[in-house]
Amino acid sequence: MNTRANKTWRILFTLAFMQLFFILSVNAQGTSKGAGHAGLFIFLILFLVVVLGIAISTLAKTKEMISENRKTKASFKDKDFGNYLRDLDSREIEIILKRKRNPSKDNDAGGSDGLKFKSAFLSIVSLLTTTGLFAQNNKGQPDSLLSEEGVIITIILVMTPIAIGVLLMFLKVRGLFRQFRNKRNLAEADKLADYISSLDNEEAVTALEKRKAALDYQLSHTELAGAFSAADEKGMISNAGPASGLTFVAIKKKAVKRPNIDPQLAKLILWYIGTAAFWLLFGTTIGEYLGIKFVSPDADHLSWLSFGRLRPVHTNAVFWGWASLGMLGLGHYIVPTVSNTALASLKKGWYALCLINASVVMGTICLMAGINNGGGEYREYIWPVMLLFAIGVVLTLINFLQTIAKRKTKEIYISNWYMVAAVMFAIVIMLTAYIPVWQNGLGETIVQGYYMHQGVGMWFMLFTLGIVYYFLPQQLNKPIYSYSLGILAFWTQILFYTVIGTHHFVFSAIPWWLQTVAIVGSIGMIIPVVAGTTNFLLTFKGAWHKVAGSYTLPFFLIGIVFYFTGSMQGTAEAFRSTNLIWHFTDFTVAHSHLTMYGIISFFLWAAIYAVVPRLTGKEPPQVTVGAHFWLALIGLLFYTIPLMYGSTMRGWMWVKGMPFIDTVTHMAPYWLWRAIGGSLMWLSHIFFAYNVYRMLASRGITDVKEAALKKLEQGLIKN
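Residues numbered from 1 in each chain as written. Predicted model: local features only at pLDDT ≥ 70, side-chain atom pairs only at ≥ 80, totals over all residues. Heavy atoms only, no water.

Quick notes on the overall build of the protein
- A count of helical and extended segments in the protein gives 23 helices and zero strands.
- Surface accessibility of the protein: about 35,700 Å² in total, with carbon and sulfur atoms responsible for 66%. (Helix = DSSP H or I, 4+ residues; strand = E, 2+ residues; numbered from the N terminus. Areas by Shrake-Rupley, 256 points an atom, 1.4 Å probe, with all protein chains shown as cover.)

Considerations on the packing of aromatic side chains
- Applying the stated criterion across every chain yields a total of 46 aromatic pairs.
- Each ring, one from W582 and one from F587, has its centre 4.0 Å from the other, and the planes form 10 degrees; the classification is stacked. Judged on exposure class, the residue W582 and its partner F587 are both buried.
- Seen from their ring centres, F602 and W605 are 5.2 Å apart, and the 70 degrees between their planes marks the pair as edge-to-face. With F602 and W605 both in helix α19 (residues 587-616), this residue pair falls three residues apart, about one helical turn.
- Overall, F602 belongs to the buried group, its relative accessible area being 0%.
- Ring pairing ties together the aromatic residues W322, Y551, F555, F562, Y597, F602, W605, Y609, F629, W630 and F688, which thus form one cluster. (Phe/Tyr/Trp six-rings, centres within 6.5 Å; stacked < 30°, edge-to-face > 60°. Buried < 20%, exposed > 50% of the residue type's maximum accessible area, 1.4 Å probe, protein only.)

Brief notes about the packing of helix α8 (residues 263-295) against α19
- For the pair α8 and α19, interaxial distance at closest approach is 11 Å and the crossing angle is 140 degrees. With respect to each other, α8 and α19 are oriented oblique. Helix-helix and strand crossings are classified by hand; for α8 and α19 the assignment is left-handed. For the pair α8 and α19, contact is made by A266, I269, L270, I273 and L280 and by W605, I608, V611, V612, L615 and T616, respectively.
- Taken together, the residues of the contact of α8 with α19 break down into 10 nonpolar, one polar and no charged. (Axes fitted to C-alpha atoms, helices over the stretch in contact; angles between N-to-C directions. Parallel < 35°, antiparallel > 145°, perpendicular 65-115°, else oblique. Left-handed = near helix turned anticlockwise from the far one by under 90°. Contact = heavy atoms within 4.5 Å. Nonpolar A, V, L, I, M, F, W, Y, C, P; charged D, E, K, R; others polar.)

Details of a nonpolar patch on the surface
- Taken together, the side chains of V295, W630, I634, L637, F638, I641, L672, W673 and I676 define a hydrophobic patch exposed on the protein surface, amounting to about 790 Å² of accessible area.
- Of all the secondary structure elements, the ones that give two or more residues to the nonpolar patch are α20 (622-655) and α22 (668-696).
- A per-element tally of the nonpolar patch places α20 first, with five residues.
- Relative to the helices and strands, V295 is located in helix α8. (Patch = residues over 30% accessible without salt bridge, like charges linked within 9 Å, V, L, I, M, F, W, Y side chains within 5 Å. Salt bridge = Lys/Arg side-chain N within 4 Å of Asp/Glu carboxyl O.)

Quick look at helix α17 (residues 553-574)
- Relative to the 32 Å expected for 22 residues at 1.5 Å per residue, α17 spans 32 Å between its end C-alpha atoms, a close match to the ideal helical length.
- With 17 of its 22 residues buried, α17 lies for the most part within the structure. (Expected span 1.5 Å × (residues − 1).)

Structural notes on the nonpolar core
- Among the nonpolar cores identified, the biggest contains 138 residues, and W322, W459 and F471 are the most heavily contacted of them.
- Looking at which element gives the most residues to this core, the answer is α19, with 20 residues.
- Beyond its immediate stretch of four places on either side in the chain, W322 contacts A276, A277, W279, L280, A317, S601, L604, W605, I608 and F688.
- One finds I96, L97, L709 and L712 within the second-largest nonpolar core, a separate group that totals 14 residues. (Core = buried A, V, L, I, M, F, W, Y, C linked by side-chain atoms within 4.5 Å.)

Examining the side chain of E288
- Along the chain, the position of E288 falls in helix α8.
- In this view, E288 contacts A675, G678, S679 and W682; residues no more than four positions away in its chain are not counted.

Side note on the environment of V589
- With respect to the element layout, V589 can be found in helix α19.
- Sequence separation between V589 and Y639 is 50 residues; the distance between their C-alpha atoms is 9.6 Å.
- Dropping the residues within four chain positions of it, V589 is found in contact with Y639, L643 and R674.

Concerning helix α13 (residues 442-476)
- Here α13 spans 49 Å end to end across 35 residues, near enough to the 51 Å set by a 1.5 Å rise per residue.
- Of all the bends in α13, the greatest measures close to 40 degrees and is centred on Q454.
- Among the 35 residues of α13, 29 are classified as buried, and the element is accordingly described as predominantly covered.
- The positive-phi residue at the C-terminal boundary of α13 is N477, with phi of around 60 degrees. (Bend = angle between axes of the 7 residues up to and from the residue.)

Focus on unusual backbone geometry
- Even without being a glycine, F507 presents a positive backbone phi close to 70 degrees.
- Located in the positive-phi region is F584, a residue other than glycine, with phi close to 70 degrees.
- On the accessibility criterion, F584 (68% relative accessible area) is exposed.

A closer look at the packing of α20 against α22
- The interhelical angle for the contact between α20 and α22, taken along N-to-C directions, is 160 degrees, at an axis separation of 7 Å. Relative to α22, the element α20 lies roughly antiparallel. Relative to α22, α20 is oriented so that their crossing is left-handed.
- Split by residue class, the contact of α20 with α22 holds 21 nonpolar, eight polar and two charged.

Comments concerning the pattern of salt bridges
- Counted under the stated rule, the structure contains four salt bridges.
- Of the charged contacts, one joins E377 and R311 as a salt bridge, the two residues approaching to 2.9 Å between their closest N and O atoms. Taken together, the positions of E377 in the loop between α10 (346-368) and α11 (383-405) and R311 in helix α9 (residues 307-339) put the pair 66 residues apart, joining distant regions of the chain.
- Relative accessible area serves as the criterion here: at 24%, R311 is assigned to the partly exposed category.
- A salt bridge links R674 to D586, with the shortest nitrogen-to-oxygen separation between them at 3.2 Å. Highlighted residues: R674 in helix α22 and D586 in the loop between α18 (576-582) and α19, separated in sequence by 88 residues.

Regarding the side chain of S647
- With respect to the element layout, S647 can be found in helix α20.
- Aside from chain neighbours lying at most four places away, what touches S647 is T585, D586, F587 and M667.

Right, dumping it as structure tokens:
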């Protein structure tokens, strides 16, 4: 990671630590005199230290800019360009050779200057040949003015604009510094282009042609096998090139920018992905706070932050904000691509984006204010809020169908089967869940089981599998192993998944035959899961070596593993014997994270890392992609495995008739592991959000060599 990124991360880490310390210090309860505002003093000191640090960093940046400005004014020495010319590749040498073979008529490099450039060129040729703010107050009068809540709030309000101002000043100086470096590099590129143009043509062409011949040299592939061509699919040496500094991680293969992408469509897709990343970070930040509440239940005493209100905020934000927007954004890329045509309507895509985001914003506010649908997991949004989401989905369905209808290919690729079916089922699911006609008595319970399970299996899972059927073959650069297995998995999932919702209500008053149908359907899900998993894994056949050189394939591979294990776990949970032990425990929480996180999120991350560099031409930092992957995977394992083990033991305690409170205390250490795993997962999302930012909004520094060669290629520099 470069120095600028390191400094940015240090600042963000410091601000995050300051915020955390503030929350802990203000909520701390003191009993002795002065203890109530001791934390505030510490926070003020930390605040001043951070502000001072930013100011010092800004001053250092300014001094660095002044120093570089002085260096820029100095004349460039001949040896300054040796590093650029030493690392020329074959393409760049060809650009210079074209310029040298066709010199301008006004080329007149003679006298002492000619000797100077000649000697400099010889030296370069030699180089070429070498390598509790809201906690309840203690009773009694305040000890001092600083223990008054109004004073504390006033201090915070005063410090906030100061901190923002200092931070904005730092960002502004950093932006000016970046602009200055770009101008300096462009000036240096002009000098380099002039320098290359001034070299002795005859000797330059000879030396560069020799260097280019060495770089372009290839074996005839008949050295060992005679006249027969060698069959070497993997190759002994690949992606060889000059090292660009000390590397701490293995170099991964970069994405290839796909030509002919409509810039307006790319903008729409990137907005979907950007807003999805925001909702992931927001929703899991709420989830992180809820995980902490299991360890520290008295973290706050505000109704808006109570567990009962924040839990649906967390689940709905990641369901309808993160996963849904991420899937739809990728769908807007895949549907027109595999149809070999343009998206039917960009306007419908933007309308859907705005409506879905508006529904999540309004739903979050309503839930925190205590306005909800009166029960029903994952359908806590009131119907006017969910109506906005439904309209957005309907617009998307119309858009996708119109795009597929004008396709230029004869067949409809399997990805479009999965994604269009998922959108259709989403509309049916929402209508079933919110129309009140059949929701009286047990009808509401049956509808809840249908809605809850179909939302996961026929919206998220079905759509995400369509994404995998496109991006996995693309990343492996080979076709899907079996189209027939994909069709088998598609129809059997529709057949079996649509009847398994009531396995959540085994031993309830729901008719016994309906419970049995759900269990049989859960067993039938073995067919699509095994078919899909086999199809994906056999697609890797002969290409497993590509996993080590890719930062997208590991995400796909983990998603496939969890697709099999998580789905089979769902089948195991459906049996009456296991349901008796695991239901109503945290085992179901672990299972939901194993599926929605281990499958859906990992698949979405893989596809996002695959498509965004193709749209923007900007790669995410490989170090932070690796940090995202390992923190998410390790955090998920820390989260799910202890919960599954502890919940199994808790279920046995219930069966044995042990006191309920004993089972609560039994779960305490496993809830701690839940908080630890959730913290690692949440940290990985910060890395993911940073990676998305780097792919979307980062502005690189001008490359001197590329800028100089571009000027030569455009003929902007005279000989």
